[in-house]
Structures are given as C-alpha cells and as structure tokens.
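Coordinate analysis (summary)
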Amino acid sequence: MEGRRVLQLLCLTFTLISTTLPSLQGLTVSPSRSQFLQGDSVSLSCEEDGWTVWRKTSRRQRSSCEDGWGKPAGSSCSIGYMFTWDSGVYWCESREGAAGSSINITVADTVVLQSPVLPVMEGQDVTLGCRTSAPSTLSASFFKDGVFIGTESTGHMTLRHVSRSAEGLYRCSFRGVGESPPSWISVSAPPTKAAPPTEETPPRSGAPPISITSLQLVVRVFCYLVVFSLNSISTLLTVSLYQDRTKGEEAVFESVCFAGDGADPSSRGQHAGQVADISHDCLGSGNEQVVPMATPSG
C-alpha cells in the first residue's frame, strides 16, 4: 500500500512538471542561413501555434514582430527588406513569456558567408557559400578559426563527411572587396541506432509467434496474480484464526462467570486455572457468580 502511494505521488509530480514547464520551441529561418546581404528578405517561423517571433538588436533591447519591424502571419514573421541594423538575436516566445531557442542573424552590406543555421550531423557534407553585393569574378577564400583552408572559383566550398573536429568559426572573403562576418558551425553526433531485431525460430504449430516482450508481460502478470492470491489466502487464514481464538475466549469467560451452584464440578476444575486471569471482568458485571479457587486436599 505504501509503495503504491509513492508511485502515485511520483506520477502526479511528473504530470505537473510536464504540464507547467515550457518546451523549447525552435525557430525556423528561410532561407536557412544565418547571414544575409542588405536588401535580402527572410521568413521566420515558430514551430508551435500561438508563439510569436521576438528579437534583440543593438538598436533596440527587445521587441516583437510588427513592433516597428516585420510582418506577422500567425506564428510567422517576414522581413521583406533587411538592413544592417536588423542584425541580432531572434527567438520564439509564448503568450506566457516562455522563450525558445535563439538564432543569431547577421546582415552585412558587402560580403556574407552562407552556412547552415542548425547543427549538422557527423558524416554529412556541408556546403559553404560566399556572396557579395559587388560585382566580382574573383575566387572566394575560406577560413576556419582564422586559418586559411582553401580557395574556390565558384564561391562554394564543400566539407566532406564532417566530424566534431569541423566545428569552428568560419568566414570567407573576396580579394579587393571585403570579407564576411564570422559564423559558427556546430557538428552534433548522429542519433543512436536501435539494435536490429533478432531472428526468432518459427513455432512448430500453426499458432502465431509470441514476441519476447509479450512473453515477459505474461510472466509478470502471472507472478502478480500468484502474489495476490497468496496474500489473499494469508489474510483469510489470519482472520479465521483470530475469530476461532475469540470464540474460545468467550466460551471460557461464560463458563466461569455464569457457572452456578449446580454446575458440574469437573467443569469448574477445568476452568479454575483461568479464573484468576478473568475474575476481575466477572466482578464488573453485577449479576454473575465468581467460582472460588479450589483448595487442594490433604
């Protein structure tokens, strides 16, 4: 009984926590990049309905979409023409004030680096792009953590099968034009794969195969039933023994307290040893007769 109460309390606590704590709602950026050239357009969307896009820039501490910037549409916000002062931190926020995960967006007027907004998985290919608002036919140079990593005439560099060592601060540049702001690229571990199912020997009969999980469930239910049956039998035996003992004591009490002069002497002798223990109960009733203790002869 005590263990059941503890389990119910834990379930109730978990339910309250899961319903009161806010979930971290992500922000989707389209096109998916963290750097934009001045004049670009962007669409920001919250994953959950009822949430609003907020931002914090160097010009304003904190403001929501349509508060001097952006055009809201449900849980989304679009910016048709971006300026350099639109650079800042963007996130989603609920009506209750719960804030989700944030994304840094940078707006530059000359050169930007096109890189993934969200972390990339280990083993995937990552393509970096270098854009400029000025007309240029020069090759783009790429850097990681301030170290030159290569030049591409197409303005795009692909990192093959990235690992955790690929994490870092990237930037690109065009000679004689300028360089982009730095952008951090994160690499996360791939999700763990579930073990492949084991081959089971088909049953000899025509009955459908029983999975290991189902078999374990049946055994567990059977054990619970056995334990419940044993507890019930033990309880019934205890109650039965208690009732028999109570009836025996009442019979002794009645034979001693209500034994008159005509009672059988042999019966008195059988109960004489118990009179001393219960004689005080007989004296309290007022209409009973107490049999004196027999004096041994000779």
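Residues numbered from 1 in each chain as written. Predicted model: local features only at pLDDT ≥ 70, side-chain atom pairs only at ≥ 80, totals over all residues. Heavy atoms only, no water.

**Some points on a nonpolar patch on the surface**
What counts here: Each patch is built from salt-bridge-free residues with over 30% relative accessible area, joining like charges within 9 Å and nonpolar side chains (Val, Leu, Ile, Met, Phe, Trp, Tyr) within 5 Å. Here the open area of atoms and residues is found with the Shrake-Rupley method and a 1.4 Å probe, where only the protein chains shown may cover a residue. For this document, the term salt bridge refers to a Lys or Arg side-chain nitrogen within 4 Å of an Asp or Glu carboxyl oxygen. Helix and strand assignments come from DSSP, with helices taken as H or I runs of at least 4 residues and strands as E runs of at least 2, each series counted from the N terminus. Note on exposure labels: buried denotes an accessible area under 20% of the residue type's maximum, exposed denotes more than 50%, and partly exposed covers the range between, all computed with a 1.4 Å probe on protein chains only.
On the surface, a nonpolar cluster with roughly 300 Å² of combined accessible area is contributed by Y81, F83 and W85. As for its placement among the helices and strands, Y81 is situated in the loop between β7 (76–79) and β8 (88–93). On the basis of relative accessible area, Y81 is assigned to the partly exposed category, the value being 47%.

**Quick word on unusual backbone geometry**
Cis peptide bonds are those with omega within 30 degrees of zero, and the linkage from S30 to P31 qualifies with 0°. Among the structural elements, P31 can be located in the loop between β1 (27–30) and β2 (35–37). Phi at D145 takes a positive value of approximately 55°, unusual for a residue other than glycine. With respect to the secondary-structure elements, D145 resides in the loop between β13 (140–144) and β14 (147–152). Not every positive phi belongs to a glycine, and H161 is a case in point at roughly 45°. Within the secondary structure, H161 is located in the loop between β15 (156–159) and β16 (168–174). Judged by relative accessible area, H161 falls into the exposed class, the value being 60%.

**Re the side chain of S115**
Inclusion rule: Side-chain atoms alone can form a polar contact between residues adjacent in sequence; in general such a contact is a pair of N or O atoms within 3.5 Å, and within protein one must be able to donate a hydrogen while the other accepts it.
Looking at the secondary structure, you find S115 in the loop between β10 (111–114) and β11 (120–121). Take S115: its relative accessible area is 2%, and that puts it in the buried class. A polar side-chain atom of S115 sits 3.1 Å from a polar atom in the side chain of S183.

**Here we look at the sheet that holds strand β9 (residues 99–108)**
Selection rule: Two strands pair if DSSP finds at least two bridges between them.
Read across the sheet, five strands follow the order β2-β9-β8-β4-β5 without closing on themselves; strand pairing throughout is mixed. Both outer strands of the open sheet, β2 and β5 (63–64), are each paired with one neighbouring strand and no more.

**Here we look at the pairing of strand β3 (residues 42–46)**
Burial along β3 is one-sided: the residues V42, L44 and C46 are buried and none of S43 and S45 is. In terms of strand pairing, β1 meets β3 through four bridges, oriented antiparallel. When the bridges of β3 are listed, S30 appears paired with S43. Pairing between β3 and β7: four bridges, direction antiparallel. In the strand pairing of β7, L44 is matched with C77.

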